[in-house]
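# A structural walkthrough
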Amino acid sequence: MLIEQAAYANRWRGVSPAAKAAFALAGLLAAFAAVSPGAALRLALCSAMLTCVGAGVPVGLYLRVAAPAVGFLALSCVGLLLALDPDSGWRWAPEAWPQVAALAGRSLAALAALLGLVLTTPLSDLIALLRRLRCPAVLLDLMVLCYRMLFVFSQAVHEVRTAQQARLGDATLRHSLRSLGQLTANLALQVWQRAQALHLAALARNGDGSLRFLTPQFAHAGRDTALAVLAGGGLLILARWAS
């Protein structure tokens with residue numbers, strides 16, 4: 001839910017999703033075109049600064065969203081620096097450091113580009129953009145339903161946890177483990193029931209086609225897209241010619 005909070009509260013909320021998607025795509029291309037790990041890290045820093053300073057996304061929220069992906073990347077890099085020696089078993093492989101550094105830098109730059117898109121653009125706007133790009137309707141409907149079920153799941157977790165805490169379900173370690181098991185079992189049943197109710201509601205409204213929603217109109221969409229393309233070109237120049 002942190003991503004949606006930032007997507008609706010940032011200063012770029014009124015910017016065309018096509019412009020932000022074009023800039024994110026340029027950031028991804030620049031990440032793969034980076035000539036050195038240092039250039040890739042500079043790309044990541046530029047994208048992060050644009051998201052936090054330009055769009056006004058709080059730095060703490062940005063770091064909280066990025067932390068799981070960065071942690072996974074760090075573990076992956078550690079794994080890549082290990083090599084299996086037939087004689088001595090596992091050993092460090094410092095000769096692989098240049099490739100690992102390049103991979104880590106490009107991954108961070110790509111992550112920063114994607115975070116700049118998702119933290120400034122609500123999913124409803126992204127789905128509308130994908131619909132205009134002729135993305136398959138079945139895939140878009142699945143995205144809408146999964147998006148809806150995230151909020152259903154969050155509400156169910158909140159309700160069950162509130163009831164458990166009111167009954168001192170976390171008073172001891174034993175009670176906490178028991179509450180966790182009950183929470184898991186209860187959530188499985190509740191989410192299934194609510195998904196079934198959502199399906200029946202769609203059938204009652206003769207919902208046999210794709211899911212459609214009203215999309216907002218963005219002023220100066222052409223200007224925003226042109227500026228995004230120019231900024232994306234600057235990222236590509238930085239990736240190819242920065243030493």
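No experiment lies behind these values; they were computed from the predicted model shown.

## Considering the overall build of the chain
When helices and strands are counted, the chain shows 9 helices and 2 strands. Relative to the 2.2 N^0.38 estimate, which gives 18 Å for 243 residues, the radius of gyration of the chain is 23 Å and therefore markedly larger than a compact globule would have. Expressed as lengths along the three principal axes of its C-alpha atoms, the size of the chain is roughly 60 × 60 × 35 Å. Per-residue burial over the chain gives 31% buried out of 243 residues. Residue pairs at least 24 apart in sequence account for 76% of intrachain contacts in the chain once pairs closer than 6 positions are excluded.

## Focus on helix α1 (residues 2–9)
Within the span of α1, buried status applies to Glu4, Ala6 and Ala7. Taken around the axis of α1, the buried residues stretch over an arc of 165°, which confines them to a single face. Where the residues of α1 are buried, they touch α4 (59–80), α5 (97–118), α6 (123–132) and α7 (137–166).

## So, the layout of surface pockets
Roughly 300 Å³ of volume is contained in the second largest pocket. Lining the second largest pocket are 18 residues, and of these Trp12, Ala19, Lys20, Phe23 and Ala228 lie nearest its centre. Of all the secondary-structure elements, those providing two or more residues to the lining of the second largest pocket are α2 (17–33), α3 (37–54), α5 and α9 (221–241). For the lining of the second largest pocket, the residue count by class is 12 nonpolar, 4 polar and 2 charged.

## Describing the nonpolar core
Core analysis: the biggest nonpolar cluster contains 26 residues, and Ala34, Leu43, Val57, Leu61, Tyr62, Leu115 and Leu119 have the highest contact counts within it. When contributions to this core are tallied by element, the ones reaching two or more residues are α2, α3, α4, α5 and α9. Broken down by element, the residue count for this core peaks at 6 residues, all from α3. Beyond its immediate stretch of four places on either side in the chain, Leu115 contacts Tyr62, Val65 and Ala66.

## Here we look at unusual backbone geometry
With phi around 65°, Arg134 is a residue other than glycine that occupies positive phi space. Take Arg134: its relative accessible area is 72%, and that puts it in the exposed class.

## A word on the packing of α4 against α5
One way to put it is that α4 packs onto α5 with a least axis distance of 11 Å and a crossing angle of 160°. Regarding the angle of α4 to α5, the classification is roughly antiparallel. You can see that α4 and α5 cross each other, and the crossing is right-handed. Each of Tyr62, Val65, Ala66, Ala69, Val70, Leu73, Cys77 and Leu80 in α4 lies in contact with α5, whose residues at this interface are Val100, Leu103, Ala104, Ser107, Leu108, Leu111, Ala112 and Leu115.

## Side note on the packing of α3 against α5
What describes two packed helices is the angle between their axes and the distance between those same axes. Two elements in contact, α3 and α5, have axes separated by 8 Å at closest approach and are oriented at 15°. For the element pair α3 / α5, the angle class is roughly parallel. Relative to α5, the crossing made by α3 is left-handed. Touching Pro37, Ala40, Leu41, Leu43, Ala44, Ser47, Ala48 and Thr51 of α3 are Ala101, Ala102, Gly105, Arg106, Leu108, Ala109, Ala112, Ala113 and Gly116, all from α5.

## A few points about the environment of Gly38
Within the secondary structure, Gly38 sits in helix α3. Exposure remark for Gly38: the relative accessible area of 31% places this residue in the partly exposed category. C-alpha of Gly38 to C-alpha of Gly232: the two residues are 194 residues apart in sequence and 18 Å apart in space.

## Quick notes on the side chain of Asp224
In this structure, Asp224 sits in helix α9. Discounting chain neighbours no more than four positions away, the residues touching Asp224 are Val15, Ser16, Ala19 and Ala219.

## Brief notes about the side chain of Glu4
As for its position among the elements, Glu4 is in helix α1. This buried residue, Glu4, is left without a salt bridge; Arg13 holds the nearest opposite charge, at 8.3 Å.

## What about α2?
Look at α2: 24 Å from first C-alpha to last across 17 residues, which is about the 24 Å you get at 1.5 Å a residue. All of the buried residues in α2 are Pro17, Ala19, Lys20, Phe23, Ala24, Ala26, Gly27, Ala30, Ala31 and Ala33. In the core, the buried residues of α2 are packed alongside α3, α5, α6 and α9.

## Examining a nonpolar patch on the surface
Taken together, the side chains of Val78, Leu82, Leu84, Trp90 and Trp92 make up a nonpolar region of the molecular surface, amounting to roughly 590 Å² of accessible area. Elements with a contribution of two residues or more to the nonpolar patch: β1 (82–85) and β2 (89–92). Tracing the chain through its elements places Leu84 in strand β1.

Reading the values: rules and limits
Residues numbered from 1 in each chain as written. Predicted model: local features only at pLDDT ≥ 70, side-chain atom pairs only at ≥ 80, totals over all residues. Heavy atoms only, no water. Helix = DSSP H or I, 4+ residues; strand = E, 2+ residues; numbered from the N terminus. Rg over C-alpha atoms; globule rule 2.2 N^0.38 Å. Buried < 20%, exposed > 50% of the residue type's maximum accessible area, 1.4 Å probe, protein only. Contact = heavy atoms within 4.5 Å. Arc of directions from axis to C-beta. 1 Å grid on protein atoms, 1.4 Å probe; cavity = no way out; pocket = protein on both sides within 12 Å on 5 of 7 lines; lining within 4 Å. Points joined across faces, edges and corners; volume = space filled by probe spheres on them. Nonpolar A, V, L, I, M, F, W, Y, C, P; charged D, E, K, R; others polar. Core = buried A, V, L, I, M, F, W, Y, C linked by side-chain atoms within 4.5 Å. Axes fitted to C-alpha atoms, helices over the stretch in contact; angles between N-to-C directions. Parallel < 35°, antiparallel > 145°, perpendicular 65-115°, else oblique. Left-handed = near helix turned anticlockwise from the far one by under 90°. Lys, Arg positive; Asp, Glu negative; His and termini not counted. Salt bridge = Lys/Arg side-chain N within 4 Å of Asp/Glu carboxyl O. Expected span 1.5 Å × (residues − 1). Patch = residues over 30% accessible without salt bridge, like charges linked within 9 Å, V, L, I, M, F, W, Y side chains within 5 Å. Areas by Shrake-Rupley, 256 points an atom, 1.4 Å probe, with all protein chains shown as cover.

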